[in-house]
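Here is how the chains run, residue by residue.
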Amino acid sequence: MVILLSQAVATGNCWPDRYTQIVVVMAQLWIETCWLIPVYGLVGAIASLPWSMGWIRLTGPRPAVYINILMTLVALAHGGLIFQGIWNQGGQEIAFTWFEAADFKLNLAFELSVINLGAVELIAGLSLLAQVFALGYLEKDWSLARFFSMMGFFEAAMSGVIMSSSLLLTYSLLEMLTLSTYLLVGFWYAQPLVVTAARDAFLTKRIGDTLLLMGVVALSALAGSLNFNDLYEWVKTEDLSPLLATLLGLALIAGPIGKCAQFPLHLWLDEAMEGPNPASILRNSVVVTCGAYVLIRLQPIVVLSPVALATLAVVGSITALGASLVALAQIDLKRTLSYSTSAYLGLVFIAVGTEWPGVALMILLTHAITKALLFMSVGSIILTTNCQDVTELGGLGPKMPATTLAYSVGALGMVGLFPLGCFWGYRLGIDFLWVDHPELVAIFLIVNLLTALNLTRVFRLVFLGEAQPKTRRAPEVAWPLALPMVTLTVFTLLVPLVMQKLYLLPPWTYVNKSALVCLILSGVIGVGIGATIPLSKALIRSMSRPVRLLQDLLAYDFYTERLYRVTVVRLVRALAIASDWFDRYVVDGLVNSVGFASLLGGESLKYSISGQSQGYLFTIVVGVSLLGLLMTWTMW
Amino acid sequence: MLSALIIIPLLGALLLGLWPGGWQGGRARQFAAIVQGVSLVWVVIVGCQFDIHVPGMQFVESFAWVEPLGLDYQLGVDGLALPLLFINSLLGLISVWASPARILRPRLYFALMLVISGAVAGAFVAQNLLLFFIFYELELIPLYLLIAIWGGTRRAYAATKFLIYTAVSGILILGSFLGVVWLGGGSSFNYDPTLTASIDLLPQLILLGALLVGFGIKIPLFPFHTWLPDAHVEASTPVSVLLAGVLLKLGTYGLVRFGLQLLPDAWEVLSPWLAGWAVVSVLYGSLAAIAQTDMKKMVAYSSIGHMGYILLAAAAATPLSVLGTVMQMVSHGLISGLLFLLVGLVYSKTGTRDMTVLRGLLNPERGLPVVGTLMILGVMASGGIPGMVGFVSELVVFRGSIVVFPVQTLLSMIGTALTAVYFLLLVNRVFFGRLAITLPTDVIQPDLILPPVSWAERWPSIVLAVVIVALGIQPSWLSRWSETASLTWRSPTVTVAQAVPDSLCEAFATPTCLP
Amino acid sequence: MTNTLSKTTAAEAHPLQDYIDRLLQGKAMLPDSEINLIEVVGILKSYGVVLDAYAVNLKYMATGQFLVLFPFFKYFNGEITPGKLLRHWWHDRINYEYAEYCMRAMMWHGGGGLDTYLDSPEFLQVCETAIQAKIRRNPILQGIHRLFPDFLPEQVRQSAYITGLGQFWTIMSEMFLTLSDRYDAGEITSIPAVVAHVKAGLVAAATVPITFAVTIGDENYDLIPESAGLTFLADTAIPYVEAVFFRGTPFLGTVSYNAQAHQIPMEQGQFAYGALYADPVPIGGSGIPPTLLMQDMRHYLPTYLHDYYRQGIRGEDDIRVQICQSFQKSMFCVTSAALQGLLPHSPETQSPDEQSANQAFLAYWMDRLMASRLAVVQLPSR
């Protein structure tokens, strides 16, 4: 590198030439050190240890916060420099051999492309905002350092997942994400519901991950390499039996299903709302994005199995519709939004299942930004009102400008209303599916309608109406919360411009007019219904029995938790108890009853405890040898 | 070279036992720690001089001892044994370090620990069947005494059970060895894989059967495992560390060395059954662990599950899976050692290991936060989270085995999910929530306070945790020793590259390929 | 209860009658013992020091940072030096966040004359003129003010609470420091003496006026004039005790905010998360704001108390929990003093009507203390 640089300096005759050369060389330097991007987060996590482990006690934990924020800034800057380099020079792949034995070679490979780096920048940016937000949200929390070291870890795993071009590295980092989700959800570990939430988050994801690991191991044996590019090549020539291909495909999509909170592994996201809000910001925006991103990387392999592709579309449709409906019946501010996350990721699954990864990426990008913004406004509401029950809120609008604007812009960006964020994702998806999959277009439109309805409903409950006791005194939040919120609000408004700058928006001539009309109409109808349905505060539970049953069904997420409890949980518990019983009474019981025969020997041996062990050692060796001789003698 | 590994601890034990004058516990511990430290350094020296490219035995020492019996003093080390020697010395040091200084009859206690280290080292380097057997038996008595004298309330029962089981194991192994030598027509008991070539398949199968049960008891595998939870529960913490970390490895080491490598033909015939047995052991151990309420018992049952992976890998017997056995042995030794140390700390501070009453030990001021943090690390390592040694060794095991036994391997992988279940339950119950060490009552009590954990108590676990993470991030530090040995110990029965897709495809085309 | 029982007997059957009697006798709810005295006086000493720092800062924030939307230096009391900045970044400072936390709890729960006054037309009028003066040269803020008419007034109300709490704590801090001085001089030798000192202090300061005025440009704006009639005891002390000692706010680290779990009561009046109820064991952990206070107090412990803490099983390890335990004891003493000061009639009264009024008054508070840590602080510390 140094040589290159000096060469560049030496050979450059005129200044502009030399300058460009230096720029190119520097860009290469940034690209070659791309592995540092995840390392920054880890450095922050490790540097926080003196505070999070309580070795520094006399002063507070804030330096750990600053270190982590600084590290995120550095990662953001480094990502930006690479992005610039890649933009000019085209994509690159960087690989290191990590482990090699026999025919088994594991690479740690990073692929740098405009999309990857864009996603990395998105993660770093949102992580930065979430961390500044957390500084305000958790200012009274003495475990700040522990929280931030987990956030650093979290961020490292996420940016690694995005850049990884090796399935093994991707799997490893997904597991890291699972672990850090567990730790972040479990941050307030003394709270009983947090305990179960952390457990369920880990175990649910772990189910998906184990299946994914099975797929990874099988794929490694089948294809030899775990680099995505090698796998894509392999897929073209491989001729697997349909059964094997199907099983492989299903195993591979299981991981993202868990990560993206898709049916039937979706419940953890609801429970994970027990965790601190700044972590929820990331979890509902970029963490699920990471899971979906992995799915997009896996899609060229999953195409081996039409069944798996169809499963993706079906799972996505069920989740999109189910979660949108469930969100309507939630009275918890955070949960109503978290279900909408599942619903949008369902749309992403549909897009991947119908082999339109571009649509998936577009939805992911726009959803991540707007959802993060919505969760920031939710955080400031919770902090101000000590409450996240929408029926106890109201009238916050005139008092909290930053929060109200953040929610409004986020909500507008979330639904397919021209021209903010998610409109473009919706539009692209509906356009592409218009001819081949009208039924999926309907699902897109229904989700849009229901989301618009729900967000309008929540807006009315929280920001409009009379102030209630808990919202009577509600001063706007302090600047560490307001600043990232306002920044993201502005950015959300600018997203369409940014997309245009990056050539992500289509020219108008290609737009399908009727699709556009349907989309905007569905959003308008949703907002219309949301704005007009009666919302009595005390209501929430309807007087009419059938409606109430439906409400409860949705409010409790179709009783999925109960379903788990009577199926999987009960099965595992029954098996565990059965094994334990069998162990105690059959295996050990048998042994003990046989053991009585030799008890005499055992009892007499007991006396050897008091001394002369050497003598007994000799006795045993001789005795055992003799016995052995005797046995084999009779044998032969 | 290698004799020193046996002699240093044994001599240390002798000195400790016979040195005139009353030593305090602290002095005895210091002395034992120095002896173990010297053997650890010695292992490192051996490792530095070990040529990783030579497939066979190195540092061979050989002289006739009891010639009429065919008992030669023959030592040697290859890539299979070297990592185990390291872990033996490391955990030997750790367990001495983790022993309380004020202990009943310290000189006898530490002397016995040293004897175990010496005997286990001897067993790993012995290249004579009878010599191996002697060391194998030699380790038995000190362990018996360690449980029987310094154990819990039911120590007599547990120790006797351990003794009887292991004695049976010894008899079977000895019988098998005798059979191998006599049927193979060998003149001595020296280890020689060519010895068995002339034995017919049926006798080979019977000999292997005896060996499998013998080592199966030691490992332990279902259904010969019930001595283990009892022994662990009654043993003190350092003894548990030794038992789980080192002594069980004698069983798996014996399985690979004397089963797979000495009786390969019979092994090949039985291997589908062995893989099936591994699955049963893995799932049974893991499921039984879920039902446990004693933390130590849970860790003990998890050992049964995790040792099953080694049987699976040994059954598959591909070069990669044999490497996997070594890696898994080391990784299990380190991780279970760490878990037992931490459970021991919890027990010594709270007086209970009952998961139905312990709560919230992660409490930052009055609980055991560092122990809790290390425990989370330990259970995650055990559950196969990447970045720690458990993941990479399990991955090598699975990747090595799936080409031969796809269905069994996939079933065993369920074990990793179950590991997550029971260990997560442990962490969630014991370390999360509000601090408590008894069931909640209506009686008003002062706020709970647990005694502090000193750095001296923490260091052994921290050292193990560091090793676990280091080997997880840089697994070649672990695999490089055994790579040559496992790749070349014999030419694989099938050319792997070819066999891979075929066997997998067959398995799924005809899903009934379970034995 | 049956109707045949008279009111007095019914009340005498109060489960916490013992404490009612103690209060009527001028004793404290906390048992009188040597150790308790050390703990209470020692902790009130360091509390006094910390409160003084909080109070000074609060009063500065209310006026010096009035309607500053990005108050980066709000904890600097107007004095910004490089050394101070570095110490601030190293987090080697008083955790003023705790003071704001108490202020917000007080404002959110409301109650008392201050709360009422902040909604009165007189206040709104002065408030509006002050706001207009402040945003005169800021068109953006003017726009926001037009769009969100309650935004800036709410911030001004918050400033009013900030200064209100600051003025309240100034008096309390001095009271606690005098207590410590009197203890050092040997004048305070028992827990009841502590209670008497606090009670006397409260009574003496009861009618000290609470006011709030800011200067914008050259103009002075009397946001809470003395004529509003707000006083120390009725308008800050009692709402403070109610909001911080009794109700509090649920800690995110121990209570679930999940609306469907219904762990938090609908009515703020039913909240029982205050200082008298809080469990000290999780202190130092996540989501327990009072940890900040305990952390601040650890730096100002008198030697005798610090030595006492060091002798505990965990020594310095759990010092914040130990501080919290002592603090809780001292707060029961302060509550005892407040209740005695607020008794409707003299405790020595012979009139049965007055006696039963006293009894009913205390019984009401004892009802609320049923679930508190009162029973635990009765136990010997070690």
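Source: prediction; values computed, not measured.

1. A closer look at the overall build of chain A
Here's step 1: Along chain A, the regular secondary structure elements total 25 helices and two strands.
Here's step 2: Residue burial in chain A is summarised as follows: out of 636 residues, 57% are buried.

2. Description of the overall build of chain C
Here's step 1: A count of helical and extended segments in chain C gives 16 helices and two strands.
Here's step 2: Expected size for 382 residues packed as a compact globule is a radius of gyration near 21 Å; at 22 Å, chain C falls within 12% of this value.
Here's step 3: Seen through its principal axes, chain C has C-alpha atoms that stretch 70 × 50 × 50 Å.
Here's step 4: In chain C, which comprises 382 residues, the share counted as buried stands at 49%.
Here's step 5: Taking contacts inside chain C between residues at least 6 apart in sequence as the whole, the part at least 24 apart equals 78%.

3. Some remarks on the interface of chain C and chain B
Here's step 1: The interface of chain C with chain B comprises 16 residues on the first partner and 13 residues on the second.
Here's step 2: Residue assignment for the side of chain C that touches chain B shows that the elements contributing at least two residues are α14 (319-342) and α16 (374-377) of chain C.
Here's step 3: For the side of chain C that touches chain B, the element with the most residues is α14 of chain C, which contributes three residues.
Here's step 4: Residue composition of the side of chain C that touches chain B, grouped by class: nine nonpolar, three polar and four charged.

4. Details of the packing of helix α5 (residues 62-89) of chain A against helix α6 (residues 114-137) of chain A
All names here are of chain A.
Here's step 1: Two elements in contact, α5 and α6, have axes separated by 9 Å at closest approach and are oriented at 160°. When the interaxial angle is binned, α5 and α6 end up roughly antiparallel. Remark: the crossing between α5 and α6 carries left-handed chirality.
Here's step 2: Of the residues assigned to the contact of α5 with α6, the class counts are 16 nonpolar, seven polar and one charged.

5. Quick notes on the pairing of strand β1 (residues 92-101) of chain A
For a regular strand, the rule is simple: side chains alternate between the two faces of the sheet.
Residue and element names in this part refer to chain A.
Here's step 1: Pairing of β1 with strand β2 (residues 104-112) involves nine bridges; the strand directions are antiparallel. Looking at β2, one finds that F99 is bridged to L106.
Here's step 2: Two successive antiparallel strands, β1 and β2, enclose a turn made up of two residues, where A102 displays a positive phi of approximately 50°.

6. Observations regarding helix α3 (residues 82-97) of chain B
Here's step 1: Over its 16 residues, α3 of chain B runs 23 Å from end to end, which matches the ideal 22 Å to within 8%, given 1.5 Å per residue.
Here's step 2: Summarising burial for α3 of chain B: 16 of the 16 residues are buried, a large majority.

7. A short note on the confidence of the model for chain C
Residues and elements named next belong to chain C.
Here's step 1: Put simply, chain C has an average pLDDT of 91, and 97% of its residues get 70 or more.
Here's step 2: In the model, residues 1-11 has pLDDT below 50 throughout and makes eight contacts with residues more than four positions away in sequence or in other chains.
Here's step 3: In the predicted assembly, ipTM is 0.92 and pTM is 0.91.

8. Section: unusual backbone geometry
Here's step 1: In this model, I219 of chain B is joined to P220 of chain B through a cis peptide bond whose omega is -10°.
Here's step 2: By secondary structure assignment, the location of P220 of chain B is in the loop between α8 (201-218) and α9 (227-234).
Here's step 3: Residue F222 of chain B is joined to P223 of chain B through a cis peptide bond whose omega torsion reads 0°.
Here's step 4: Mapped onto the fold, P223 of chain B is located in the loop between α8 and α9.
Here's step 5: Unlike most non-glycine residues, D557 of chain A shows phi in positive territory, near 55°.
Here's step 6: Tracing the chain through its elements places D557 of chain A in the loop between α22 (545-555) and α23 (560-595).
Here's step 7: Positive phi is not limited to glycine here, since F59 of chain B has a value of about 55°.
Here's step 8: Mapped onto the fold, F59 of chain B is located in strand β1 (residues 58-66).
Here's step 9: For F59 of chain B, a count of 17 C-beta atoms within 10 Å corresponds to the partly exposed category.

9. With respect to the nonpolar core
The tendency in soluble globular proteins is for nonpolar side chains to be buried as a group.
Here's step 1: Grouped together as the largest cluster of nonpolar side chains are 539 residues, with contacts concentrated most on V348 of chain A, I147 and I468 of chain B together with C333 of chain C.
Here's step 2: The dominant element in this core, judged by the number of residues it contributes, is helix α9 (residues 192-223) of chain A, at 18 residues.
Here's step 3: Discounting chain neighbours no more than four positions away, the residues touching V348 of chain A are A292, A360, I363 and L364 of chain A.

10. Focus on the packing of helix α18 (residues 422-433) of chain A against helix α21 (residues 513-532) of chain A
Working note: a packed helix pair is described by the angle between its axes plus the distance between those axes.
Residue and element names in this part refer to chain A.
Here's step 1: It is the contact of α18 with α21, at a shortest axis distance of 10 Å, that shows an interaxial angle of 130°. Considering the angle they form, α18 stands oblique to α21. The handedness of the crossing between α18 and α21 is right-handed. Residues Y426, R427, I430 and D431 of α18 form the contact with α21, whose participating residues are A515, L516 and L519.

11. A few points about the confidence of the model for chain A
Residue and element names in this part refer to chain A.
Here's step 1: When the pLDDT values of chain A are averaged, the result is 86; 89% of them are 70 or greater.
Here's step 2: At the level of individual helices and strands, chain A shows its lowest average pLDDT in helix α24 (residues 599-606), which scores 45, and its highest in helix α17 (residues 401-414), which scores 94.
Here's step 3: For residues 1-5, every residue scores under 50 in pLDDT, and the model assigns this stretch four contacts once sequence neighbours within four places are set aside.
Here's step 4: In the predicted structure, residues 631-636 sits below a pLDDT of 50 and forms six contacts with residues beyond four places in sequence or in another chain.

12. Section: the environment of F232 of chain C
Residues and elements named next belong to chain C.
Here's step 1: Along the chain, the position of F232 falls in helix α11 (residues 232-247).
Here's step 2: In this structure F232 comes out as buried when scored by C-beta crowding, with 22 C-beta atoms within 10 Å.
Here's step 3: In sequence terms F232 and T215 are 17 residues apart; their C-alpha atoms lie 23 Å from each other.
Here's step 4: Setting aside chain neighbours within four positions, we find F232 in contact with F168, I171, A205, A206, T207, V208, I210 and A237.

13. Description of the environment of L44 of chain C
Residue and element names in this part refer to chain C.
Here's step 1: Within the secondary structure layout, L44 lies in helix α3 (residues 34-64).
Here's step 2: Of the residues examined, L44 has 31 C-beta atoms within 10 Å and is grouped as buried.
Here's step 3: The spacing of L44 and I20 is 24 residues in sequence and 24 Å in space, taken between C-alpha atoms.
Here's step 4: With near-sequence residues (within four places) excluded, L44 lies in contact with F176, L179, S180 and S330.

Parameters and conventions
- Residues numbered from 1 in each chain as written.
- Chains lettered and ligands numbered in written order.
- Predicted model: local features only at pLDDT ≥ 70, side-chain atom pairs only at ≥ 80, totals over all residues.
- Helix = DSSP H or I, 4+ residues; strand = E, 2+ residues; numbered from the N terminus.
- Buried ≥ 20, exposed ≤ 12 C-beta atoms within 10 Å, placed from the backbone.
- Rg over C-alpha atoms; globule rule 2.2 N^0.38 Å.
- Contact = placed C-beta atoms within 7 Å.
- Nonpolar A, V, L, I, M, F, W, Y, C, P; charged D, E, K, R; others polar.
- Axes fitted to C-alpha atoms, helices over the stretch in contact; angles between N-to-C directions.
- Parallel < 35°, antiparallel > 145°, perpendicular 65-115°, else oblique.
- Left-handed = near helix turned anticlockwise from the far one by under 90°.
- Pairing = 2+ DSSP bridges.
- Expected span 1.5 Å × (residues − 1).
- pLDDT = per-residue confidence, 0-100.
- Core = buried A, V, L, I, M, F, W, Y, C linked by C-beta atoms within 7 Å.

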